[in-house]
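Commentary on secondary and tertiary structure
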Amino acid sequence: MAEMRTETMTVNMGPQHPSTHGVLRLVLELDGEVIQSAMPTIGYLHTGIEKTAEQKKWQQVIPLVERMDYLAAQSNSLAYALAVEKLLGLEMPQRVNDIRVLIAELQRLASHLIWLGTHAMEIGAVSMLFYAIRERELLMNINELIAGFRFFPSYIRVGGLREDLPRGFHDAVNAFLDRFPGKMDEFEGLLTKNDIFRRRTEGVGVVTLQDAYGWGLVGPIARATGSDYDVRRYFPYCGYETYDFRVPTATEGDVYARYRVRIAEMRESIKICRQAINRITPIGTWACDDTRVVPPPKDKVYSEMEALIQHFLIYSQGFTVPAGDAYVPIEGPRGEHGTYIVSDGSNRPWRVKMRPPSFMAIQALPSLVQGGLIADVVAVIGSNDVVMGDCDR
Amino acid sequence: MTAADLIEILNALVPGAAYEAGASVDFPTIYVLPEHLVDTCRALRVEPALRFEAFIEATAVDYLPRVPRFEVVYHLLSVAHRRRVRLKVRVLNAAAAEAGVVPTVQSVWPGAGWPEREVWDMFGIVFQGHPDLRRLLMPENWEGHPGRKDYPVQIQKATQTYSPLEVSEEQFRANLERDRVKRAHPH
């Protein structure tokens, strides 16, 4: 009998593929069903936001950076605002910090809900997507309440917030926080002990702690390998050190561990949100008192000449930022979300660079899927929680 | 720990390297000469007193018309010591950038691969020893490096409606083979 000839098969996955979370393209080399190698191709969603930001004034960059990671828009703008404020040397009032914390945590919940829904759907639990989107709708409604926009509120600004909280904000947030823990139990009841889900996720896409650090996977992925690194703990910002919360970790480093870490993170986020909403008064200060950056109140603009001039200057020329550079990290839903800004002392940024967690997660993807089954690729992409807008910028 | 303290430790580990502390508002900034970059990075990662085990990002800034024109910036994190550091490498001008004066640090942190590719894509800074310096964000046939300050902000480009497979079968197989060799013998 002639010797059987075997050769590997090359399969193209994406860029138009329902489980590539946008436009990620993977070229897989298969030996039967086992993956020999994977080659990601990115850049399909590259829109040159960093270059565009160099043409804008400092404040005008906020809506741009929100469009990078479109599932965690306000994490982007918070990181950017904090970086610019670092160069300006601005300190935010307590209430602004508390509102920012609340918004950042609600954003984390919204982002994790999309992750949960799509990740579970790709593994086969299709109904999870609808349950998750239903809850996320309430968070979108809160965005609409504070800014009139559902996806990209641009509510966090350099120097504080856009305006004070609207009427009914506390009721909307409290209603969500009362309802959501029960829904979390429902989600977990469907997945956490689900035999099919666990068989699809346990022991799949394993990464070690040392590799996670070397690949730059700081965030939920590293925390699923035993790291306790969380920017909110290690380098607190916005007064996170005054909040009582736990940093959930797991040690297995597989898809299921990342699932458990994110689920536990959502429960911690609810705790932080409760503490924050109790601290925030319905009416109060919503920006710092630095007149370089924050326009004067409208009644003064109409009655005082200096205020009118200041208003005019801020809206026509913007403000200048002292020359220098700053890197400010925050704990975004996908991991360390940093902004590196360089100023030459003018009213426009010299360089804005986002540190995209999805970019690093996709870079490490081949090492996570190699040697696994082709069906597991989908599980690993889902558990890395990649957003192509964040990756390609 | 200030930049001066870090430099003191590094000087003992990398003899002959001329470090220079940079101004910063957040965490220590150290200027490194390209020829000492890899040794410095290895020392930063391995030395128990430093242990910058996590690679955060690499990027570049174009300071046109200043000379030296480019700076390659690395952000590193030590989880063990709750510390960050910023390394900067000066690249004299565009010609020097294309000559590949900055070495790759992929042997220290594998995660440096794509950020370095992005820097080459956007700024045209060649990383010496980089095994896979191809376009990352821009299309493979793109001309120029859009991150540079002398690159126009708005350009007219005909829309590509159809393009055949970008790599030939032979190239593709060669790529796969090279990747496989790379994985079998990492670094």
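See the structure shown above.
Quick summary incoming for the structure in this document.

Thresholds applied
- Residues numbered from 1 in each chain as written.
- Chains lettered and ligands numbered in written order.
- Predicted model: local features only at pLDDT ≥ 70, side-chain atom pairs only at ≥ 80, totals over all residues.
- Helix = DSSP H or I, 4+ residues; strand = E, 2+ residues; numbered from the N terminus.
- Buried ≥ 20, exposed ≤ 12 C-beta atoms within 10 Å, placed from the backbone.
- Contact = placed C-beta atoms within 7 Å.
- Nonpolar A, V, L, I, M, F, W, Y, C, P; charged D, E, K, R; others polar.
- Pairing = 2+ DSSP bridges.
- Axes fitted to C-alpha atoms, helices over the stretch in contact; angles between N-to-C directions.

1. Looking at the overall build of chain B
A count of helical and extended segments in chain B gives five helices and seven strands. Listing each helix as α and each strand as β along chain B from the N terminus yields α-β-β-α-β-β-β-α-β-α-β-α. For chain B, the spread of C-alpha atoms along the principal axes amounts to about 55 × 45 × 30 Å. For chain B, the proportion of its 187 residues judged to be buried stands at 37%. Considering only intrachain contacts with a sequence separation of at least 6, the fraction spanning at least 24 residues in chain B is 52%.

2. What about the interface of chain B and chain A?
For an interface, size is often stated in terms of accessible area lost upon the parts coming together. Across the contact, 29 residues belong to chain B and 33 residues belong to chain A. Of all elements in the fold, only β3 (54-62), β4 (70-78), α4 (113-123) and α5 (169-184) of chain B reach the threshold of two or more residues within the side of chain B that touches chain A. Top element by residues in the side of chain B that touches chain A is β3(B). It accounts for six residues. Its residues placed into classes, the side of chain B that touches chain A shows 17 nonpolar, five polar and seven charged.

3. So, the sheet that holds β3(B)
Residue and element names in this part refer to chain B. The strand order across the open sheet built from five strands is β1-β2-β5-β4-β3, with neighbouring strands paired in mixed fashion. Because the sheet does not close on itself, it has two edges, and the strands there are β1 (20-22) and β3. Averaged over all adjacent pairs, the angle separating strand axes in this sheet is 30°, with direction ignored. Note that β4 and strand β5 (residues 83-91) share nine bridges and pair antiparallel. When the sheet's bridge partners are listed, glutamate 71 is paired in β5 with arginine 90. Relative to strand β2 (residues 29-32), helix α1 (residues 3-13) is tilted by about 40°, and along the sheet it contacts β1, β2 and β5. Of the strands in this sheet, β3 and β4 touch α4, which is tilted by about 10° from β3.

4. Digging into the sheet that holds strand β6 (residues 324-332) of chain A
Residues and elements named next belong to chain A. Taken in spatial order, the three strands line up as β6-β7-β8 in an open sheet, and their pairing is antiparallel. Edge positions in the sheet fall to β6 and β8 (351-355), since each of these pairs with one other strand and no more. Between one strand axis and the next, the sheet turns by 15° as a mean value, whatever way the strands run. Examined bridge by bridge, strand β7 (residues 335-343) and β8 share five bridges and lie antiparallel to one another. Within β8, the residue paired with isoleucine 341 across the bridge is valine 352.

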